[in-house]
Amino acid sequence: MSDASTAAVRPGPGNAAQPQVRRPRTAAVIPAAGRGVRLGPGAPKALRALNGTPMLVHAVRAMAASRAVSLVVVVAPPDGAAEVKTLLTDHALPERTDVLVVSGGATRQESVRLGLDALPPGIDIVLVHDAARPLVPVDTVDGVIEAVRDGAPAVVPALPVTDTVKEVAPAGPAAPAGSAAPGTPEPVVATPDRARLRAVQTPQGFDRATLLRAHEAAVVGDGATDDAGLVERLGEPVVLVPGHEEAFKVTRPLDLVLAEAVLARRRANDGF
Ligand code: CTP
Ligand code: MG
């Protein structure tokens, strides 16, 4: 694959003078290699437009909005790295932020791992942020970084769950998850106490070494749906900080409507 190499979209300033006391340096890895099957047919989800601007560009800007973030690593669809590089060159991003593009893999976990492999030395804190959460506010990003700087090895933004959640029986080996005919009644096995459940978002923030260890220990295809879950399996503590309703994940078609409404409200409120 000719596009699999790491490529700088825009080189950084290079020989900036080293400060006396080195502040922890923070990078954001943005997995953006998914197809967006639940969104329906069309371009890969991260390349779909929200009010005329690709979702991925919104997500990169959301990370670059934090003054702490000096590098963004975008993990592009395996066949779309060239297109992503062009997109990011064509859209304005803050001067202080470097951007790298790498090609992703078949699963989110694999894509994140490929992004982590591209991190240069000198990065101490890593955020992992879904391209599919393009509208996360900068205060949420900064809150996650702050908690990692204060010593937490893994930090996750989260919100209370609003729907009551039911647990159903695991799908048998002959019936992989989601394979039952749609509409088939499913027996309920439990109702967890909603007060103790949280819905988690991104960016999830990590001490770099802890996140690398978690990904090295991870088994491909073991079903972890977020990076903090891999850290939990190491036995390391994971803490939650307040998330934000605008950090919702664009998953289904109705989410596009909501995302464009949020952008319209922002524009009306502050001319952004
Ligand atoms: N992702 C990725 N590489 C993959 C699969 C997913 O980088 N092989 C990224 C997506 O691009 C997205 C994030 O992981 O930014 C969260 O995944 P999800 O919302 O499930 O996106 P998709 O996998 O694209 O959507 P779907 O599951 O509906 O196909
Ligand atoms: Mg997916």
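Throughout what follows, the structure given in this document is the object of discussion. (Residues numbered from 1 in each chain as written. Chains lettered and ligands numbered in written order. Predicted model: local features only at pLDDT ≥ 70, side-chain atom pairs only at ≥ 80, totals over all residues. Heavy atoms only, no water.)

## Some details on helix H3 (residues 108-117)
It helps to recall that an α-helix has 3.6 residues per turn; residues three or four apart then point in one direction. Stated precisely, the cut-off is as follows: Classification of residues uses two cut-offs on accessible area relative to the type maximum, computed with a 1.4 Å probe and protein chains only: under 20% is buried, over 50% is exposed, and between them is partly exposed. A run of DSSP states H or I qualifies as a helix once it reaches four residues; a run of E qualifies as a strand once it reaches two. Both are numbered from the N-terminal end. Think of it as the arc spanned by the lines of direction from the helix axis to the C-beta atoms. Contacts were defined at the residue level, with two residues in contact if any of their heavy atoms lie within 4.5 Å.
Of the positions making up H3, those classed as buried are Gln109, Ser111, Val112, Gly115 and Leu116. Looking down the long axis of H3, one finds its buried residues gathered within 160 degrees of arc, a one-sided arrangement. On its buried face, H3 is in contact with strand S2 (26-31), strand S5 (69-76), strand S6 (98-103), strand S7 (125-128), helix H5 (208-217) and helix H6 (227-234).

## Points about the layout of surface pockets
As a reminder of what qualifies: As defined here, a cavity is a set of points on a 1 Å grid over the protein atoms alone where a 1.4 Å probe fits but cannot get out. A pocket is an open set with protein on both sides within 12 Å along at least five of seven lines, and residues line them when an atom is within 4 Å of a point. Grid points are joined across faces, edges and corners, and a volume is the space filled by probe spheres set on the points. Three categories are distinguished: nonpolar for Ala, Val, Leu, Ile, Met, Phe, Trp, Tyr, Cys and Pro, charged for Asp, Glu, Lys and Arg, and polar for the others, with Gly belonging to the last.
As a volume, the largest pocket reaches approximately 1,200 Å³. Around the largest pocket sit 47 residues that line it, and Arg38, Arg108, Asp130, Arg133 and Lys249 are the ones nearest its centre. If you list the elements that add at least two residues to the lining of the largest pocket, you get H3, strand S8 (154-160), strand S11 (198-200) and H6. If you tally residues by element for the lining of the largest pocket, the top one is H3, at 3 residues. Tallied by class, residues from the lining of the largest pocket come to 19 nonpolar, 16 polar and 12 charged.

## Some words on the pairing of S8
When a strand is regular, its side chains alternate between the sheet's two faces. Heads up, the rule is: When DSSP finds two or more bridges between a pair of strands, those strands are recorded as paired.
Where burial is concerned, most of S8 is hidden: 5 out of the 7 residues are buried. Pairing between S8 and strand S12 (residues 204-207): 2 bridges, direction antiparallel. Looking at the pairing, Ala154 lines up with Phe206 of S12. As paired strands, S8 and strand S13 (residues 239-242) are joined by 4 bridges and run parallel to one another. Its bridge partner being in S13, Val156 is matched across the sheet by Leu240.

## Re unusual backbone geometry
Across the junction of Thr202 and Pro203, the peptide omega takes the value 10 degrees, indicating a cis bond. Considering the arrangement of structural elements, one finds Pro203 in the loop between S11 and S12. Backbone geometry at Asn51 places phi at a positive 50 degrees, although glycine is not the residue there. As for its position among the elements, Asn51 is in the loop between strand S3 (49-50) and strand S4 (53-54).

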